[in-house]
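Okay, here's what each chain looks like letter by letter:
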Amino acid sequence: MSEQHNVVLLTFPDAAGWRPAFDEAQHLPGLRQAAALERSTDGLLEVRDTFTRGAGVATVGSGVLGGLVGLLGGPVGALLGFAAGAALGSAAEESRATEGGAGLIVLSPRVPDGGAMLVLEVREAAPGPADELAAKHGAAVERIDAHAFAEQVKAAEHKAAEDRANDERPGQG
């Protein structure tokens, strides 16, 4: 079976059961990111925890590469190169985090009142590991193709930008 890039949703009707599943999900093969969303009985949604495999690697890697290039300019060049590289790597990670936040906003209506949802971005060779995790912790499982989901998020962002532009026009509202 070929590898599938999916957004896997594990929905818990009761908010109490998500934590052990979240901790175990971090060891799923192919997991890239995970987030835990919880909604109170009065409808308040909260991002309870997040996990990103390899967080900080881009920042440190870019900093080291910049430092190596900066060695050509001596010790000060190495320091400046490291700082510039780390800043670029950090910006790349921040951009990825922002995109992830928009995805969570799109998924937020699916979190039941008094319940929770784990959102897992995973490259799956087979659905078994995530399905077993869901069954073990009493969660419903749903898969969305990651590319199709990215298009949904882009469409939602575009609609929000249009709505903001319409709200800012003179004579509106």
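Quick look at the pairing of strand S2 (residues 31–39) now. Counting buried positions along S2 gives seven out of nine residues, so the element sits mostly inside the fold. Bridging between S2 and strand S4 (residues 116–124) involves seven bridges; their strand directions are antiparallel. Looking at S4, one finds that Ala36 is bridged to Leu118. Where S2 hands over to strand S3 (residues 45–52), the hairpin turn is made up of five residues, of which Gly43 adopts a positive phi near 95°.

Under the definition given, this model contains eleven salt bridges. Taking the shortest distance from any N to any O, the salt bridge between Asp23 and Arg19 comes out at 3.4 Å. One end of the pair, Asp23, and the other, Arg19, are both in helix H1 (residues 18–25), four residues apart, so they sit about a helical turn from each other. Arg19 is the partner of Asp49 in a salt bridge, and the nearest nitrogen-oxygen pair spans 2.7 Å. Linking Asp49 in strand S3 with Arg19 in helix H1, this pair joins segments that are 30 residues apart in sequence. A residue is classified by how much of its surface remains accessible, and Asp49, at 24% relative accessible area, is partly exposed. For Arg19, a relative accessible area of 31% corresponds to the partly exposed category.

Thresholds applied
Residues numbered from 1 in each chain as written. Predicted model: local features only at pLDDT ≥ 70, side-chain atom pairs only at ≥ 80, totals over all residues. Heavy atoms only, no water. Buried < 20%, exposed > 50% of the residue type's maximum accessible area, 1.4 Å probe, protein only. Helix = DSSP H or I, 4+ residues; strand = E, 2+ residues; numbered from the N terminus. Pairing = 2+ DSSP bridges. Salt bridge = Lys/Arg side-chain N within 4 Å of Asp/Glu carboxyl O.

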